[in-house]
Amino acid sequence: MEFFAVILLLALATGGCTTQSNADAKARVAFLAGQNAAMRRQQEQNPGVMIVGPVQNPRVPWVDGLTLAQAIATANYLDSRAPKQIIITRNGESAALDAKVLFSGAAVPLEAGDVVELRP
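Residues numbered from 1 in each chain as written. Predicted model: local features only at pLDDT ≥ 70, side-chain atom pairs only at ≥ 80, totals over all residues. Heavy atoms only, no water.

## Let's talk about the nonpolar core
If you look at the biggest cluster of nonpolar residues, it comprises 18 residues, and the most contacted ones within it are Ile-51, Leu-68, Ile-86, Leu-110, Val-116 and Leu-118. Broken down by element, the residue count for this core peaks at four residues, all from helix α3 (residues 68-75). The contacts of Val-116, once residues within four sequence positions are left out, are Val-49, Met-50, Ile-51, Val-52, Leu-68, Ile-86, Ile-87, Ile-88 and Leu-110. (Core = buried A, V, L, I, M, F, W, Y, C linked by side-chain atoms within 4.5 Å. Buried < 20%, exposed > 50% of the residue type's maximum accessible area, 1.4 Å probe, protein only. Helix = DSSP H or I, 4+ residues; strand = E, 2+ residues; numbered from the N terminus. Contact = heavy atoms within 4.5 Å.)

Here you go:
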(Lines give C-alpha, C1' and ligand atoms only; values in the text may rest on other atoms or scores of the structure.)
Protein backbone atom coordinates (compact mmCIF):
# COMPACT_ATOMS: atom_id res chain seq x y z
CA MET A 1 0.00 0.00 0.00
CA GLU A 2 2.84 2.42 0.79
CA PHE A 3 4.29 1.89 -2.67
CA PHE A 4 1.13 3.09 -4.38
CA ALA A 5 0.93 6.12 -2.09
CA VAL A 6 4.48 7.11 -3.08
CA ILE A 7 3.65 6.68 -6.78
CA LEU A 8 0.54 8.82 -6.38
CA LEU A 9 2.48 11.54 -4.58
CA LEU A 10 5.14 11.52 -7.28
CA ALA A 11 2.49 11.80 -9.99
CA LEU A 12 0.87 14.75 -8.23
CA ALA A 13 4.18 16.46 -7.52
CA THR A 14 5.51 16.24 -11.06
CA GLY A 15 2.32 17.66 -12.55
CA GLY A 16 3.99 19.00 -15.70
CA CYS A 17 6.58 17.99 -18.24
CA THR A 18 9.59 16.09 -17.05
CA THR A 19 12.54 14.47 -18.73
CA GLN A 20 12.66 10.72 -19.13
CA SER A 21 15.73 10.50 -16.88
CA ASN A 22 13.95 12.47 -14.13
CA ALA A 23 10.89 10.27 -14.46
CA ASP A 24 13.08 7.15 -14.34
CA ALA A 25 14.90 8.44 -11.24
CA LYS A 26 11.64 9.23 -9.47
CA ALA A 27 10.21 5.84 -10.39
CA ARG A 28 13.34 4.13 -9.03
CA VAL A 29 13.08 6.07 -5.76
CA ALA A 30 9.43 5.08 -5.44
CA PHE A 31 10.20 1.45 -6.25
CA LEU A 32 13.01 1.29 -3.69
CA ALA A 33 10.81 2.93 -1.05
CA GLY A 34 8.23 0.23 -1.63
CA GLN A 35 10.85 -2.51 -1.55
CA ASN A 36 12.32 -1.14 1.68
CA ALA A 37 8.90 -0.95 3.32
CA ALA A 38 8.14 -4.55 2.32
CA MET A 39 11.54 -5.73 3.59
CA ARG A 40 11.03 -3.94 6.93
CA ARG A 41 7.67 -5.65 7.39
CA GLN A 42 9.18 -9.01 6.50
CA GLN A 43 12.19 -8.48 8.78
CA GLU A 44 9.91 -7.66 11.70
CA GLN A 45 7.98 -10.90 11.22
CA ASN A 46 10.93 -13.27 10.72
CA PRO A 47 14.39 -12.05 11.64
CA GLY A 48 17.01 -13.19 9.20
CA VAL A 49 19.16 -11.59 6.54
CA MET A 50 17.73 -10.22 3.29
CA ILE A 51 19.88 -10.34 0.15
CA VAL A 52 18.91 -7.81 -2.55
CA GLY A 53 20.29 -8.55 -6.00
CA PRO A 54 20.53 -11.42 -8.44
CA VAL A 55 19.92 -14.30 -6.04
CA GLN A 56 17.58 -17.27 -6.04
CA ASN A 57 16.76 -17.15 -2.31
CA PRO A 58 16.70 -13.54 -1.06
CA ARG A 59 15.74 -14.53 2.49
CA VAL A 60 18.53 -16.19 4.47
CA PRO A 61 17.61 -17.62 7.89
CA TRP A 62 19.61 -16.20 10.76
CA VAL A 63 22.10 -18.47 12.53
CA ASP A 64 24.67 -17.43 15.11
CA GLY A 65 28.01 -16.62 13.46
CA LEU A 66 26.55 -16.07 9.96
CA THR A 67 29.06 -14.34 7.66
CA LEU A 68 28.55 -12.36 4.48
CA ALA A 69 30.11 -15.12 2.34
CA GLN A 70 27.85 -17.77 3.91
CA ALA A 71 24.75 -15.61 3.38
CA ILE A 72 25.57 -15.01 -0.30
CA ALA A 73 26.25 -18.72 -0.82
CA THR A 74 22.98 -19.64 0.92
CA ALA A 75 21.08 -17.09 -1.20
CA ASN A 76 22.54 -18.72 -4.34
CA TYR A 77 24.05 -15.80 -6.28
CA LEU A 78 22.93 -16.09 -9.93
CA ASP A 79 24.90 -13.49 -11.89
CA SER A 80 27.86 -14.72 -13.92
CA ARG A 81 29.76 -11.56 -12.96
CA ALA A 82 30.97 -11.04 -9.43
CA PRO A 83 29.41 -8.10 -7.59
CA LYS A 84 31.51 -4.93 -7.61
CA GLN A 85 29.98 -3.37 -4.52
CA ILE A 86 28.22 -4.76 -1.48
CA ILE A 87 26.09 -2.55 0.76
CA ILE A 88 25.13 -3.77 4.21
CA THR A 89 22.29 -1.97 5.96
CA ARG A 90 21.91 -2.48 9.70
CA ASN A 91 19.43 -0.59 11.87
CA GLY A 92 18.90 2.00 9.13
CA GLU A 93 22.60 2.73 8.60
CA SER A 94 24.38 1.57 5.46
CA ALA A 95 28.01 0.72 4.84
CA ALA A 96 29.48 0.06 1.40
CA LEU A 97 32.15 -2.58 0.90
CA ASP A 98 34.32 -3.20 -2.10
CA ALA A 99 33.58 -6.79 -3.11
CA LYS A 100 37.34 -7.46 -3.15
CA VAL A 101 37.12 -7.59 0.66
CA LEU A 102 34.86 -10.61 0.36
CA PHE A 103 37.10 -12.29 -2.21
CA SER A 104 40.18 -11.75 -0.04
CA GLY A 105 38.70 -14.22 2.44
CA ALA A 106 37.78 -11.71 5.15
CA ALA A 107 34.96 -12.95 7.39
CA VAL A 108 32.38 -10.16 7.53
CA PRO A 109 29.92 -10.96 10.34
CA LEU A 110 26.22 -10.32 9.84
CA GLU A 111 23.45 -9.75 12.36
CA ALA A 112 19.79 -10.70 12.29
CA GLY A 113 17.86 -8.06 10.37
CA ASP A 114 20.75 -7.03 8.11
CA VAL A 115 19.97 -6.22 4.48
CA VAL A 116 22.76 -6.97 1.99
CA GLU A 117 22.62 -5.39 -1.46
CA LEU A 118 24.79 -6.90 -4.19
CA ARG A 119 25.59 -4.47 -7.00
CA PRO A 120 27.09 -5.96 -10.19
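So that's the structure; there's more coming.
## A short note on the pairing of strand β3 (residues 85-90)
Judged from the six bridges that link them, β3 and strand β4 (residues 93-98) form a sheet pairing that is antiparallel. Bridge assignment links Arg-90 to a residue of β4, and that residue is Glu-93. The hairpin turn running from β3 into β4, its antiparallel successor, is two residues long, and Asn-91 in that turn takes a positive phi close to 55 degrees. Pairing geometry for β3 and strand β5 (residues 115-119), over five bridges, is antiparallel. From the neighbouring strand, Thr-89 faces β5, where its bridge partner is Val-115. (Pairing = 2+ DSSP bridges.)

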